[in-house]
Amino acid sequence: MPVSARKRTSAATSGASADARAAPGNAARAALDLLLHRYSVGPKHLCEPGPTDAEVQVLAHAALRAPDHEKRIPFRFAVVRGAAKVRLGDLFEDYGRRRGKSAEDVASERERAQRSPVLIAVVARIDPAHADVPPHEQWIAVGGAIANAMNALQLLGYAGKMLSGARATDPRIAAAFCDAGETLVGWIAAGTAATPPKPRAPDDPGAIVRRWGTAGVDVARAAVSQASFGYFDHDADVGVFGRGATIERAFENAARATFALMWLPRDVARRDEVEVDFEEPDVELALVTWLNALLGQAAAQRLALADFALVRDGDRWHGRARGEPWRGDLPGGTGVKGATLTALAVRPIDGEFEARCVVDV
Ligand SMILES: Cc1cc2nc3c(=O)[nH]c(=O)nc-3n(C[C@H](O)[C@H](O)[C@H](O)COP(=O)(O)O)c2cc1C
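Residues numbered from 1 in each chain as written. Predicted model: local features only at pLDDT ≥ 70, side-chain atom pairs only at ≥ 80, totals over all residues. Heavy atoms only, no water.

Caption draft 1: Expanded view of the site of the ligand. Taken together, Arg-38, Tyr-39, Ser-40, Lys-161, Met-162, Leu-163, Ser-164, Gly-165, Val-185 and Arg-200 make up all the residues around the ligand. Take Lys-161: an N or O atom from its side chain is 3.2 Å from an oxygen atom of the ligand. Contacts to the ligand include Gly-165, whose backbone N or O atom sits 3.4 Å from an oxygen atom. Notes on the ligand: free accessible area 620 Å², of which the protein chains cover 54%. (Near = heavy atom within 4 Å. Polar contact = N/O pair within 3.5 Å; in protein donor to acceptor, adjacent residues only side chain to side chain. Areas by Shrake-Rupley, 256 points an atom, 1.4 Å probe, with all protein chains shown as cover.)

Caption draft 2: Layout of the nonpolar core. Grouped together as the largest cluster of nonpolar side chains are 42 residues, with contacts concentrated most on Phe-251, Phe-259, Leu-287 and Trp-290. Taken together, the elements giving at least two residues each to this core come down to β6 (229-234), β7 (237-244), α9 (247-260), β8 (272-279), α10 (283-300), β9 (303-313), β10 (316-325) and β13 (352-360). Those residues in contact with Leu-287 that sit more than four places away from it in its chain are Phe-251, Ala-254, Leu-344, Ala-345, Val-346, Ala-355, Arg-356 and Cys-357. (Core = buried A, V, L, I, M, F, W, Y, C linked by side-chain atoms within 4.5 Å. Buried < 20%, exposed > 50% of the residue type's maximum accessible area, 1.4 Å probe, protein only. Helix = DSSP H or I, 4+ residues; strand = E, 2+ residues; numbered from the N terminus. Contact = heavy atoms within 4.5 Å.)

Caption draft 3: Geometry of unusual backbone geometry. Here the residue pair Glu-48 and Pro-49 is connected by a cis peptide bond, since its omega of 0° sits within 30 degrees of zero. Structurally, Pro-49 is set in the loop between β1 (46-47) and α2 (53-64). Although it is not a glycine, Ile-73 sits at a positive phi angle of roughly 55°. Along the chain, the position of Ile-73 falls in the loop between α2 and β2 (75-80). By relative accessible area, Ile-73 is classed as partly exposed at 27%. Positive phi, normally seen in glycine, also occurs at Ala-343, with a value near 55°. If you trace the backbone, Ala-343 turns up in the loop between β11 (338-339) and β12 (345-349). Residue classification places Ala-343 among the buried positions, given a relative accessible area of 2%.

This is the structure:
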């Protein structure tokens with residue numbers, strides 16, 4: 001039966017009802033996808049150009065949009081570019097000498113200050129005695145500012161890395177950047193990625209999100225259910241769905257939903273990795289193939305899997321999953337035999353993609 005003619009009988013129970021929220025457009029989805037795949041790029045892998053002064057203002061604007069209790073703005077940026085990098089090199093060289101480093105290491109201290117096209121020092125202004133905003137909330141605002149600036153850097157097409165290290169706490173270097181009561185947090189090294197950043201191990205949002213206050217028979221499912229994946233009832237079997245800004249993210253989340261039926265992601269160590277490769281032009285069949293390939297690998301290699309990453313190149317799909325060997329003390333849930341064509345659908349919904357099907361349990 002052609003996939004497009006297959007009867008779709010999914011009954012969503014995921015709270016995907018129509019609401020007043022504006023569906024994100026393509027640009028918002030693309031931005032979200034970039035945010036979900038932001039990786040730091042260290043100074044060794046940065047080249048010119050770095051952000052212009054006008055673009056640094058955009059980074060500062062993004063930093064000012066971070067959550068900040070009472071809008072204290074407990075941070076400021078100091079931009080180091082051009083000749084100022086030579087001055088920073090002097091400071092680093094002096095630091096190396098004071099630390100008793102070899103001539104070669106002292107020279108590399110100077111070089112360290114020159115490596116990045118632009119350095120943006122992050123200076124925190126924490127009031128330890130503020131009446132309403134305790135220091136930890138002020139520091140959180142500083143962290144939010146750094147995160148927003150890093151994200152904006154990526155969205156502007158640049159790359160970078162937040163760095164601190166022993167130099168940031170060195171009194172002489174800190175004094176060169178700070179006024180009284182200020183703390184040098186470190187520097188955002190900013191420039192253009194010389195090579196594409198290497199993707200890190202897949203993130204596992206399910207491991208840090210739990211529903212609070214849920215009681216009842218389905219606690220395990222509720223504990224891992226969230227907007228990005230979940231379940232729907234289907235006769236004696238279970239329907240799984242995953243959502244994401246792209247089809248690949250939706251498939252990764254459908255895999256999370258499938259494997260979370262067997263083990264809670266938070267219980268599974270990410271020690272071993274398996275890869276699955278397949279060719280499938282039909283995206284709906286690709287979902288079933290992806291899930292069954294993972295279930296097959298998990299059974300063959302006796303692995304509990306919890307982290308999933310999928311890349312698509314036309315009809316070719318390349319996936320990775322991480323987990324650990326089955327062990328007796330791993331709290332088990334429902335065994336999943338395989339993904340089926342029942343209620344199979346891959347479709348845009350609420351401005352993202354949803355991938356769903358029924359799995360045999
Ligand atoms: C305030 C702060 C200081 C940091 N200092 C360093 C550092 O000195 N050296 C380092 O390798 N990473 C440092 N990091 C971590 C990196 O910036 C980066 O987040 C980490 O390597 C993870 O990479 P990712 O951003 O691609 O996930 C720091 C992060 C923060 C927020």
